[in-house]
Amino acid sequence: MTTSIKTLGSDMSGIGALSPFELKDRLIKAAGESAVERPANLAMLNAGRGNPNFLATLPRHGFWQLGLFAMRESERTFAHLHTGVGGFPKKEGIEDRFEIFARENQNVRGVDFLCAAVSYVRDQLALNVDEFLYEMCEGILASNYPVPDRMLCLSEIIVGHYLRREMVGEHPFVGEFDIFAVEGGTAAMTYIFNTLRENYLLNKGDTIALGTPIFTPYIEIPHLRDYQLNVVEINADVESGWQYSKKELDKLRDPQVKAFFVVNPSNPPSVRIDNESLRYIAQIVQDRPDLILVTDDVYGTFAENFVSLFALCPRNTILVYSYSKHFGATGWRLGTIAAHQDNVLDHRIAQLLPVKKRELNERYKSITTDPEHLKFIDRLVADSRTVALNHTSGLSTPQQIQMVLFSLFALMDTTDTYKNTLRQLIRRRKQALYTEIGVRFDASDSNAVDYYTVIDLEYLGKRAYGQPFVDWLFTNTQPSELLFRLAAEAKVVVLPGRGFGTPHHSGRVSLANLNESDYARIGRAIRRLLADYVERYNLATGQELDPNKVL
Ligand SMILES: *Cc1c(COP(=O)(O)O)cnc(C)c1O
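Each chain carries its own residue numbering, running from 1 in the direction its sequence is written. Note on the predicted model: pLDDT of at least 70 is required for a residue's local features to be given, and 80 or more for side-chain atom pairs to be given and counted; whole-chain, interface and lining totals, by contrast, use all residues. Calculation of side-chain values draws on the structure's entire complement of heavy atoms; hydrogens and water are dropped beforehand.

## A look at the overall build of the protein chain
Here comes step 1: A helix here means a DSSP run of H or I that spans at least four residues, while a strand means a run of E at least two residues long, and both kinds are numbered starting from the N terminus. Summing up its helical and strand segments, the protein chain has 20 helices and 13 strands in all.
Here comes step 2: Rg of the C-alpha trace for the protein chain: 26 Å, near the compact-globule value of 24 Å for 551 residues, within the 12% margin.
Here comes step 3: With the C-alpha coordinates aligned to their principal axes, the bounding extent of the protein chain is approximately 85 × 60 × 40 Å.
Here comes step 4: Residues classed as buried in the protein chain amount to 57% of the 551 residues present.
Here comes step 5: Here, two residues are considered to be in contact whenever any of their heavy atoms come within 4.5 Å of each other. Long-range pairs, those at least 24 residues apart, make up 74% of the contacts in the protein chain between residues at least 6 apart in sequence.
Here comes step 6: The Shrake-Rupley method, run with a 1.4 Å probe sphere, supplies the accessible areas, and residue values consider only the shown protein chains as cover. Of the accessible surface of the protein chain, which amounts to about 23500 Å², a share of 52% is contributed by carbon and sulfur atoms.
Here comes step 7: For the purpose of counting charges, residues Lys and Arg are taken to be positive, whereas Asp and Glu are taken to be negative. His and the chain ends are not included. Every charge is mapped onto a representative atom, which is NZ of Lys, CZ of Arg, CG of Asp or CD of Glu. Treating the 60 positive side-chain charges of the protein chain as one cloud and the 67 negative ones as another, the clouds have centres 3 Å apart. C-alpha atoms define the radius of gyration in this analysis, and the globule rule sets the expected value at 2.2 Å times the number of residues to the power 0.38. Partly exposed residues are those whose accessible area sits between 20% and 50% of the maximum for their type, while under 20% is buried and over 50% is exposed, using a 1.4 Å probe and protein chains only.

Written as structure tokens, this is what we have:
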């Protein structure tokens, strides 16, 4: 089996210049059109997708049942017209009417969930149930613009409890934070970069630090003409379980570095920052009280006892969270931006030069009579709709309602049943993958999150066969050749680690998107490929390495 790269049925020219997402498309094409013989109707396995193949059902049942109740509320008004015209829900007596609805629909999935949610909101969160049900019904009927625009009132409180539980946990946390509900983590990133720039907190030519490897957009956005930022990489190292060393983190001490963008737990290594490093970053922030941290904690719920940088450095940190991954809800577009009410962003805006402050007051004067004291988070809201359309900003209200129901679902799951089920699901997939590759792997790393796994050929190859083999492999293969062979020969698509800023030859396998047997097939395909290169190496060099050695 010595397939030459030319027989792969896909043009390899210019591969090096492709972005990882373009490369992914080429890999999918190669998996589809390959001329290499293989069992007919072998399905393509795309392990490049971060989109999970599981989803939370109960809070969705709750959403649909709440929708039915809200319709009943609406149709109480204008009922005499019989023309399909309804009105707004009424707050007065809504709890009593909900109880009647719940009794009539006993044993219907989702209704029990709503009853539990009402009880939780009243008894655990001490909120007024009439007001809660009214906000939920009005929101799900979507008959008003989102008011307040940043986030609906009780929704913000409930989502706040959820973020506290998942992102802060047992860590002490003093004071309150504000939340802006946004269209997923993606929108959060877009808005944050933009408002930091509009408010002169990041200027062209400024330096930011990125915790690498990192989700590709964080690498690409700083280079856009809009931003033109210099980037310092804080590199996590595969040899140390993908943690940031103190030496790397010390780069944040440079006063040139204005902000540190980090994904925690990381993507693609899928490892949370360990407690020692978190404390070390907090120590650096003490010495650099002006440093802005942006932490994207989309995968926080997949880690054990997760603690966000937001908990350790609340004044300096903008927290990005998304419901996409944990609840299997990428299509809903649900995310949040949170900032402590006492934060360095507002402080630094207050310290801008008078000429800049005047310009910003001009920018935001249509929103408030006191634009100078408009909080950073409210500037985010305004900028998200080019200021002039601020009155129609905010996440659509049904989205906010589903976000609340997801949050309540997690808050009520005191035994972490859903969370543990997901963890087991993805860990078993990882086990299946690595068993078939023939790798002994350390399952004891409590910081490993395993939503993705990076197969680092350089690291594994060196461990099993030594540096000369690795050197030979990379001088005798083209960039991405291995990924193309995986696609063409085994119909397995894996994303290149290079696109995420990994220094080594590696591929990112998402453990979220396929089933256990698929990961076993991917593992076998990777092993066959590696064994093939070992055989070739033996032929070329006269060595006798064992192609089936455990790595
Ligand atoms: C998937 C992902 C996102 C995207 O979140 P959406 O809410 O789906 O927009 C953001 N950040 C990271 C690191 C991700 O992996």
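Having put the structure on the table, let's press on.
## Side note on the nonpolar core
Here comes step 1: Take the buried residues of types Ala, Val, Leu, Ile, Met, Phe, Trp, Tyr and Cys, join any two whose side-chain atoms come within 4.5 Å, and each joined set is a nonpolar core. Within the largest apolar cluster, 115 residues are counted, with the highest numbers of intra-cluster contacts made by Phe132, Phe327, Leu408 and Phe469.
Here comes step 2: Core analysis: the second largest hydrophobic core is formed by 40 residues, Met189, Leu201, Leu229 and Leu374 among them.

## Section: the domain arrangement of the protein chain
Here comes step 1: Split into domains, the protein chain comes out as domain 1 (5–50 + 417–541), domain 2 (58–144) and domain 3 (176–393).
Here comes step 2: In this structure, domain 1 and domain 3 have C-alpha centres spaced 32 Å apart.
Here comes step 3: Facing the 29 residues of domain 1 at the interface are 28 residues of domain 3.
Here comes step 4: Summed over both partners, the accessible area (1.4 Å probe) lost when two parts come together is defined as the buried area. In total, about 2400 Å² of surface goes out of reach between domain 1 and domain 3, with carbon and sulfur atoms giving 59% of it.
Here comes step 5: Whenever Lys or Arg places a side-chain nitrogen within 4 Å of a carboxyl oxygen from Asp or Glu, that contact is recorded as a salt bridge. In this assembly, domain 1 and domain 3 are joined by two salt bridges.
Here comes step 6: Between Arg427 and Glu304 there is a salt bridge, with its nearest N and O atoms 3.6 Å apart.
Here comes step 7: Under the rule applied, a polar contact is a pair of N or O atoms within 3.5 Å (in protein, one hydrogen donor and one hydrogen acceptor; residues adjacent in sequence only if both atoms are side-chain atoms). Inspection of the region where domain 1 meets domain 3 yields 12 residue pairs in polar contact (both at pLDDT 80 or more).
Here comes step 8: For the side of domain 1 that touches domain 3, the secondary-structure elements that each account for two or more residues are α1 (20–33), α16 (417–437), β10 (452–456) and α17 (457–465). A domain assignment, automatic or from a database, supplies the domain bounds used here.

## A look at the sheet that holds strand β3 (residues 207–212)
Here comes step 1: For two strands to be treated as a pair, DSSP must find no fewer than two bridges joining them. If you walk across this open sheet you meet the eight strands as β2-β9-β8-β7-β6-β3-β4-β5, and the pairing is mixed. Each edge of the open sheet is held by one strand with a lone partner, namely β2 (177–182) and β5 (243–244).
Here comes step 2: Two elements, strand β4 (residues 230–237) and β5, share two bridges in a ladder whose sense is antiparallel. Bridge assignment links Asp237 to a residue of β5, and that residue is Gln243.

## Notes on the pattern of salt bridges
Here comes step 1: In this structure the tally under the stated criterion is 34 salt bridges.
Here comes step 2: Its salt-bridge partner being Glu104, residue Arg72 comes within 2.7 Å of it at the nearest N-O pair. Residue Arg72 is found in helix α2 (residues 58–74), and its partner Glu104 is found in helix α3 (residues 94–104); the two are separated by 32 residues along the sequence.
Here comes step 3: Residue Glu104 is classed as exposed on the basis of its relative accessible area, which comes to 52%.

## Description of the site of the ligand
Here comes step 1: In the vicinity of the ligand, 13 residues are found, and the nearest of them are Gly185, Thr186, Tyr299, Ser322 and Lys325.
Here comes step 2: The contact in question runs from a nitrogen atom of the ligand to an N or O atom on the side chain of Asp296, over 2.7 Å.
Here comes step 3: At a separation of 2.7 Å, an oxygen atom of the ligand approaches a polar side-chain atom of Arg333.
Here comes step 4: Burial of the ligand by the protein amounts to 93% of the accessible area it has alone, namely 390 Å².
Here comes step 5: It is helix α7 (residues 184–198) that contributes the most residues to the shell around the ligand, three residues altogether. Being near a molecule or strand, for a residue, comes down to having at least one heavy atom within 4 Å of it.

## Remarks on helix α18 (residues 467–475)
Here comes step 1: When we look at burial in α18, the residues that qualify are Phe469, Val470, Trp472, Leu473 and Phe474.
Here comes step 2: Packing partners of the buried residues in α18 comprise α17 and α20 (516–541).

## A closer look at the pairing of strand β13 (residues 506–510)
Here comes step 1: Counting buried positions along β13 gives five out of five residues, so the element sits mostly inside the fold.
Here comes step 2: Of the pairings in the sheet, the one linking β10 to β13 comprises five bridges and is antiparallel in character. Looking at β13, one finds that Ile455 is bridged to Gly507.
Here comes step 3: Both strand β12 (residues 495–496) and β13 contribute to a ladder of two bridges, which runs antiparallel. Looking at β13, one finds that Leu495 is bridged to Arg508.

## Some details on the sheet that holds β10
Here comes step 1: Sheet architecture is open: three strands sit in the order β10-β13-β12, paired in antiparallel fashion. Looking at strand neighbours, the two that pair on one side only are β10 and β12, the edges of this open sheet.
Here comes step 2: The convention used is that axes are lines fitted to C-alpha atoms, helices contributing only their stretch in contact, and that angles between N-to-C directions extend from 0 to 180 degrees. Across the sheet, α16 lies against β10 and β13, angled at about 15° from β10, the strand it touches most.
Here comes step 3: Contacting β10 and β13, α17 runs over the sheet at an angle of about 55° to β10.

## Points about the packing of helix α4 (residues 111–123) against helix α5 (residues 129–141)
The angle between the axes and the distance between the axes are what describe a pair of packed helices.
Here comes step 1: Axis separation between α4 and α5 bottoms out at 9 Å; the angle between their running directions is 130°. Classified by the interaxial angle, the pair formed by α4 and α5 is oblique. Of the two elements, α4 crosses α5, and the hand of that crossing is right-handed. Taking contact as the criterion, the partners of Val118, Val121 and Arg122 in α4 are, on α5, Val129, Phe132 and Leu133.
Here comes step 2: Residues are grouped as follows: Ala, Val, Leu, Ile, Met, Phe, Trp, Tyr, Cys and Pro are nonpolar; Asp, Glu, Lys and Arg are charged; all remaining types, including Gly, are polar. Split into classes, the residues belonging to the contact of α4 with α5 amount to five nonpolar, no polar and one charged. Roughly parallel means an angle under 35 degrees; roughly antiparallel, over 145; roughly perpendicular, 65 to 115; everything else is oblique. Crossings are assigned a handedness: left-handed for a near helix turned anticlockwise from the far helix by less than a right angle, right-handed for a clockwise turn.

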